[in-house]
Amino acid sequence: MGLTYLFISHDLSMVEVICGRVAVMYLGKVVEVAEAEELFESPLHPYTQALFSAIPIPDPKTKRKRITLPGEPPSPANPPAGCRFHQRCPHVMDVCRSEEPKLEEVKPKHFVACHLY
């Protein structure tokens with residue numbers, strides 16, 4: 001049908017079912033973009049990994065390590081210099097504090113804005 005639509009949600013279980021391609025944002029910036037199946041199987045950005053670790057699993061026998069982020073999100077009106085996620089990132093490096101990472105293709109059709117890649 002040639003139909004395209006934009007679905008904005010915090011409900012990742014719905015995103016996984018409805019969307020073919022997903023963009024993850026943090027403080028108004030896209031930090032990762034990939035096909036839904038690829039993103040849910042192999043999240044690369046530390047924020048995406050933390051988001052996915054919080055998805056409830058309905059089977060009580062299945063365990064998953066929950067990634068908890070320290071601190072509070074900065075103000076979107078006054079974001080920090082460099083990577084917007086650096087104040088809460090478990091993998092922060094010096095470059096993260098001063099340079100904003102560019103969204104780059106690190107796998108076919110999988111883009112991430114992170115100095116780790």
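In the block above lies the structure referred to throughout.
Worth saying up front: this structure is predicted, and the values here are computed from it rather than measured.

Novice: Any chance you could explain the nonpolar core here in plain terms?
Specialist: Grouped together as the largest cluster of nonpolar side chains are 18 residues, with contacts concentrated most on V22, V24, Y26, L39, Y47 and F85. Counting residues per element, the ones that place at least two in this core are α1 (12-18), β1 (21-26), β2 (29-35), α2 (36-41) and α3 (46-53). Contact partners of V24, with chain neighbours within four places excluded, come to K29, V30, V31, E32, L39, Y47, T48 and L51.

Novice: How do you make sense of the environment of K61 when you look at a structure like this?
Specialist: Its place among the elements puts K61 in the loop between α3 and α4 (94-98). With a relative accessible area of 75%, K61 lands in the exposed category. Spatially, the C-alpha atom of K61 lies 36 Å from that of E105, the residues being 44 residues apart in sequence.

Novice: How do you make sense of the pattern of salt bridges when you look at a structure like this?
Specialist: A side chain of one charge can pair with a side chain of the opposite charge when the charged atoms of the two come close. By the definition in use, this model includes four salt bridges. Across the salt bridge formed by E38 and K107, the nearest N and O atoms sit 3.1 Å from each other. Of this pair, E38 sits in helix α2 while K107 sits in strand β3 (residues 104-107), placing them 69 residues apart in sequence. A relative accessible area of 31% means that K107 is categorised as partly exposed. With a closest N to O distance of 3.4 Å, D94 and R97 form a salt bridge. With a gap of three residues between them, D94 and R97 both fall in helix α4, about one helical turn apart.

What counts and what doesn't
- Residues numbered from 1 in each chain as written.
- Predicted model: local features only at pLDDT ≥ 70, side-chain atom pairs only at ≥ 80, totals over all residues.
- Heavy atoms only, no water.
- Core = buried A, V, L, I, M, F, W, Y, C linked by side-chain atoms within 4.5 Å.
- Buried < 20%, exposed > 50% of the residue type's maximum accessible area, 1.4 Å probe, protein only.
- Helix = DSSP H or I, 4+ residues; strand = E, 2+ residues; numbered from the N terminus.
- Contact = heavy atoms within 4.5 Å.
- Salt bridge = Lys/Arg side-chain N within 4 Å of Asp/Glu carboxyl O.

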